[in-house]
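Architecture at a glance
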Amino acid sequence: MCPHANGDSLPSDRSEMVEVPTNGTNGVNGVNGINGVHKLNGDVANNVPDESDDEYDELEEAQLRKIDHIIRLANIQPGHRVLEIGSGWGSLSLRIATNPALAGVTVDTITLSSQQLAWARKRMADAGPDVESRVKVHLMDYRAMPKEWEGRFDRVVSVEMLEAVGKEFMEEYWGVVDWALKKEGGVGVVQSITIPES
């Protein structure tokens, strides 16, 4: 178990895991939200449509550019092992696993949502056995990762999940990121949305 875990604050069983709305009205998050990402299946994951395409979706194009930017910032390389904290609907992991330039990359992605777990697993399975074998989606709190994950990841990525951590858990969150990364050459990319407090 991750040594940074505070047992009192972790869900004690799966019945306490969060339920994430799936009706589209609350999916405000570009990568992890529901708006637009359903079109990102294995067949189109590496093809950004242009404006002349009948299927052009400005939001989808922006999401893909954002995902690609995060992958570039993390400098993910063939053969890397990646931890994604906050799976969302699986778009980032799917994009990594379907990118021909990232052969052999494996992803462990974690979520607290049983709906996101099921949807992300389905998307990986629908993308084919190669993708499904390279992306493992886990129902897991970031503070309760298995002990054997310590120092095992070349890259840690987390997209718009930090907002849900809460400022009182920030130090613990960053400790977990450090704990999971390889000590030599490990890189983390965390993207979040912030606004000034009033």
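Heads up: these notes are all about the structure in this document.

Calculation rules
Residues numbered from 1 in each chain as written. Predicted model: local features only at pLDDT ≥ 70, side-chain atom pairs only at ≥ 80, totals over all residues. Heavy atoms only, no water. Helix = DSSP H or I, 4+ residues; strand = E, 2+ residues; numbered from the N terminus. Expected span 1.5 Å × (residues − 1). Buried < 20%, exposed > 50% of the residue type's maximum accessible area, 1.4 Å probe, protein only. Arc of directions from axis to C-beta. Contact = heavy atoms within 4.5 Å. Polar contact = N/O pair within 3.5 Å; in protein donor to acceptor, adjacent residues only side chain to side chain.

What follows deals with helix 3 (residues 114-126). Its 13 residues give helix 3 an end-to-end C-alpha distance of 18 Å, which sits within 8% of 18 Å, the value for a rise of 1.5 Å per residue. Within helix 3 the residues assigned to the buried category are Gln116, Leu117, Ala120, Arg123 and Met124. Seen from one end, helix 3 has its buried residues packed into an arc of 135°, which puts them on one side. Of the surrounding secondary structure, the elements contacted by the buried residues of helix 3 are helix 2 (91-97), strand 2 (106-111), helix 4 (129-134) and strand 3 (135-139). Of the residues that open helix 3, the one with a side-chain oxygen 3.3 Å from the backbone nitrogen of Gln115 is Ser113. One or two positions beyond helix 3, positive phi appears at Gly128, with a value near 115°.

On to unusual backbone geometry, then. One non-glycine residue, Asn75, adopts positive backbone phi at about 55°. With a phi close to 50°, Glu160 is a non-glycine residue in the positive phi region. Take Glu160: it is sitting in the loop between strand 4 (155-159) and helix 5 (162-165).

Mapped onto the secondary structure, Thr98 falls in the loop between helix 2 and strand 2. Reaching out from Thr98, the side chain makes a polar contact with the backbone oxygen of Leu94 at a distance of 2.8 Å. There is a polar contact of 3.5 Å between the side chain of Thr98 and the backbone oxygen of Arg95.

We now examine helix 6 (residues 170-180). For helix 6, the set of buried residues is Glu172, Tyr173, Gly175, Val176, Val177, Trp179 and Ala180. Contacts made by the buried residues of helix 6 are with strand 1 (81-85), strand 4, helix 5 and strand 5 (187-191).

The values reported here are purely geometric and, on their own, carry no functional implication.
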